[in-house]
Amino acid sequence: IDPDNPWDHPDAEKLDALSFADWLNDVGARPAVLRMFEAAKASLAADPIAYTSMLSELRKMAIAGDELADFYDVDQWTRYTCEQGSASVSLTMAAELGDRIELRAVVTAIDVTPEAVTVSLLDGRTLQARNVVCALPVAPLRKIRITGLSDERLNALRRIRNSLSAKVVAAYRTPFWRENGQNGLAYGNGMLGSTWVQNMGVLSALVAPQQLS
């Protein structure tokens, strides 16, 4: 699979129609292996393997390459943290930007051209920039009129869906798991998909979409 052009693969449509779960069953994976991958998906608050395209799974593996084993290592994605909390990042950025931040500026349209991007606001104003970074979830983004993108991009946008998940944080006086010789990392296929250590005495947990619903 070419990570940049996964649809160029001769079997792309067949692989996209095949779920990760069906492929595992086709190759004779044991029930414990299926449960392992289900627990891994739940730990990421991701869709279960029955709803995971085999093409997307192969593309992810092609991108990660030999580092796939370390890709989900808890030490990798919890290595860099803010001592004052993650909110301090946005607060620091806001302090530097000052009055350039506009609140309650409702966007009604985005027009993309090779030269610039024009953003129209509900109050009648327009803003222009070389690039626009859109952080809206896809559901409210669909309510904004977008022009200048290809039909393929716009159709892909309409197909994207968001799933609800939840994060639970439990704070304890001491990291009791260390006293038991444990690292605080857990996987499960019940309500909580996973737990991991977020700070001294603090455990975070994710509830995957299927459990939350």
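Computed from a predicted model, the values in this text were never measured in an experiment.

1. Observations regarding the pattern of salt bridges
- Taken as a whole, this structure holds 4 salt bridges when the rule is applied.
- With its nearest N and O atoms 2.8 Å apart, the salt bridge here joins Glu102 to Arg125. One end of the pair, Glu102, is in the loop between helix H7 (87-97) and strand S1 (107-112); the other, Arg125, is in the loop between strand S2 (117-121) and strand S3 (126-129), and 23 residues separate them in sequence.
- Glu102 gets classed as partly exposed once you look at its relative accessible area, which sits at 41%.
- Connected through shared salt-bridge partners, Lys41, Glu57 and Lys60 make up one network.

2. Remarks on the sheet that holds strand S6 (residues 186-187)
- Spatial ordering of the open sheet is given by S5-S8-S7-S6, a layout of 4 strands whose pairing is antiparallel. Pairing within the sheet leaves two strands with one partner each, and these edge strands are strand S5 (166-171) and S6.
- Bridge count between strand S7 (residues 194-199) and strand S8 (residues 202-207): 5 bridges; the pairing is antiparallel. The partner of Ser194 across the bridge, within S8, is Leu206.

3. A few points about the layout of surface pockets
- Its boundaries defined by the atoms lining it, the largest pocket holds a volume of some 700 Å³.
- Lining the largest pocket are 21 residues, with Glu102, Ala105, Val107, Leu127 and Val133 positioned closest to its centre.
- Looking at the lining of the largest pocket, the elements with two or more residues in it are S1, S2 and S3.
- When its residues are assigned to classes, the lining of the largest pocket shows 16 nonpolar, 2 polar and 3 charged.

4. What about helix H4 (residues 54-64)?
- Turning to H4, its buried residues number three or more, namely Met54, Leu55, Glu57 and Ala64.
- N-capping of H4 is provided by Ser53, with a side-chain oxygen placed 3.1 Å from the backbone N of Leu55.
- Gly65 sits one or two residues past H4 and shows a positive phi near 60°.

Rules and cut-offs
Counting from 1, residues in each chain are numbered in the order their sequence is written. This being a predicted model, a pLDDT of at least 70 is required before a residue's local features are given, and a value of 80 or more before pairs of side-chain atoms are given or counted; all residues contribute to the totals for chains, interfaces and linings. Think of the side-chain values as coming from all heavy atoms in the structure, minus any hydrogens and water. Criterion for a salt bridge: a side-chain nitrogen of Lys or Arg within 4 Å of a carboxyl oxygen of Asp or Glu. A run of H or I in DSSP becomes a helix once it reaches four residues, and a run of E becomes a strand once it reaches two; helices and strands are each numbered from the N terminus. Using a 1.4 Å probe on the protein chains alone, a residue whose accessible area is under 20% of its type maximum counts as buried, one over 50% counts as exposed, and one in between counts as partly exposed. Each pair of strands is called paired provided DSSP finds at least two bridges between the two strands. In this analysis the probe radius is 1.4 Å and the grid spacing 1 Å, with only protein atoms considered; a cavity is a set of points the probe fits into but cannot get out of, a pocket is an open set with protein on both sides within 12 Å along at least five of seven lines, and lining residues have an atom within 4 Å of a point. Grid points are joined across faces, edges and corners, and a volume is the space filled by probe spheres set on the points. Note on residue classes: Ala, Val, Leu, Ile, Met, Phe, Trp, Tyr, Cys and Pro are nonpolar, Asp, Glu, Lys and Arg are charged, and everything else, Gly too, is polar. As used in this structure description, the phrase polar contact means that two N or O atoms lie within 3.5 Å; if the pair is within protein, one of them must be able to donate a hydrogen and the other to accept it, and residues adjacent in sequence are counted only when both atoms belong to side chains.

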